[in-house]
Amino acid sequence: MKFHKPSKIQAISLPMIMTPPYKDLIAQAHNGSGKTTCFVLGMLSRVDPKLQRPQALCICPTRELSIQNMEVLLKMGKYTGISSECAVPIESGNNDRSRSRPPISAQVVIGTPGTIKRLMSQKKLGVADMKVLVFDEADHMLAKLMIFALCYDLGDFSTFAFPLPFLVLQLPVKWQYHIDDETVLNRILQLVKWYYHINDESVLNRSRAFEELMVDALW
Ligand SMILES: Nc1ncnc2c1ncn2[C@@H]1O[C@H](COP(=O)(O)OP(=O)(O)OP(=O)(O)O)[C@@H](O)[C@H]1O
C-alpha cells in the first residue's frame, strides 16, 4: 500500500493498541490522517488467527461507513487469512432473514448498531471472545446516546431509543468495568461537550442524565 512511515496519529496510537497491557483509547484527528488504517491494523493484529470466532467488533453510525471500513479491512488483511463480515441492514429490507442464518464465525465484524444488536439478541453474534471494540465516529453515536439520555430524563423512552446502551450491556464484564472508570466517563463527556460547543454545564448537569445513563446502562 506504499506506506513508508506512520502518520502522527498512527505513531502515537498504534503502540498503545498493539502492546499489552491494553488500554482504552479515544483517538481524535483530522480527516484523512490515517485513523481508519490505524484501528483496522489494530483489530487485525489482535485477532488470534487460529480461533474461528468473532474477536474484534467495529460499530459504525452508518451502513455506508461500515462498508467503507470493510473495504479497508479487506485490503489490509488480504494476506492474513483473517475472516470478516459486514453486519449492516440488507437492501431488500427483510432483515428478519438473519433468524435462519448460522451464527457468525468471522473473526472481525464491522457493522451498524441496530443490525449488531439484532444479531446479538438472536444469539447469532457471540461476544465471549471479543478482544477489541471500536466505535468509529464515536462522537456521532454518543450524540445519539446523549439524546437518548435526555429523553430518558423526560421519561420518553420509545421515540429515541438507541441500541448503544443495549450493546454496552452485553459486553464482557471487564469492558463494563473499564467504561465505569470515572476518567473514561469524564473524557467521553468532554468529547461530547467539545463536539457540541457546550460551555454551559447546566445543559448536561440539568439531570445528570448522561452520566447516570452510562452508569445505569453498565450495571
Ligand atoms: N502511514 C501512511 N502512509 C501513507 N498513506 C497512508 C498512511 N496511513 C493512511 N494512508 C492513506 O491515507 C488515506 C486516509 O487514511 P484513513 O482512511 O485511514 O484516514 P482517516 O483519518 O480514517 O480518514 P477519514 O476520517 O476521512 O475516514 C488512505 O488512502 C490511506 O491508505
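No experiment lies behind these values; they were computed from the predicted model shown.

Asks: Account for the pattern of salt bridges, naming residues and giving values.
Replies: Evaluation of the coordinates by the stated rule reveals three salt bridges. Residue Glu 85 pairs with Arg 101 through a salt bridge whose shortest N-O separation is 2.6 Å. Of the two residues, Glu 85 is situated in strand S2 (residues 84-87) and Arg 101 in the loop between S2 and strand S3 (108-111); the sequence distance between them amounts to 16 residues.

Asks: Describe the site of the ligand, and please don't skip the residues or the numbers.
Replies: In the neighbourhood of the ligand, 13 residues make up the surrounding shell, with Lys 5, Gln 10, Gly 32, Thr 36 and Thr 37 lying closest. Between Thr 36 and the ligand, the recorded distance is 2.4 Å, taken from a side-chain N or O atom to an oxygen atom. Here an oxygen atom of the ligand and a side-chain polar atom of Thr 37 are 2.4 Å apart. Expressed as a share of its isolated accessible area of 630 Å², the protein-covered part of the ligand is 63%. It is helix H2 (residues 35-46) that contributes the most residues to the shell around the ligand, three residues altogether. Of the residues contributing to the shell around the ligand, the split by class is two nonpolar, nine polar and two charged.

The rules we used
Residues numbered from 1 in each chain as written. Predicted model: local features only at pLDDT ≥ 70, side-chain atom pairs only at ≥ 80, totals over all residues. Heavy atoms only, no water. Salt bridge = Lys/Arg side-chain N within 4 Å of Asp/Glu carboxyl O. Helix = DSSP H or I, 4+ residues; strand = E, 2+ residues; numbered from the N terminus. Near = heavy atom within 4 Å. Polar contact = N/O pair within 3.5 Å; in protein donor to acceptor, adjacent residues only side chain to side chain. Areas by Shrake-Rupley, 256 points an atom, 1.4 Å probe, with all protein chains shown as cover. Nonpolar A, V, L, I, M, F, W, Y, C, P; charged D, E, K, R; others polar.

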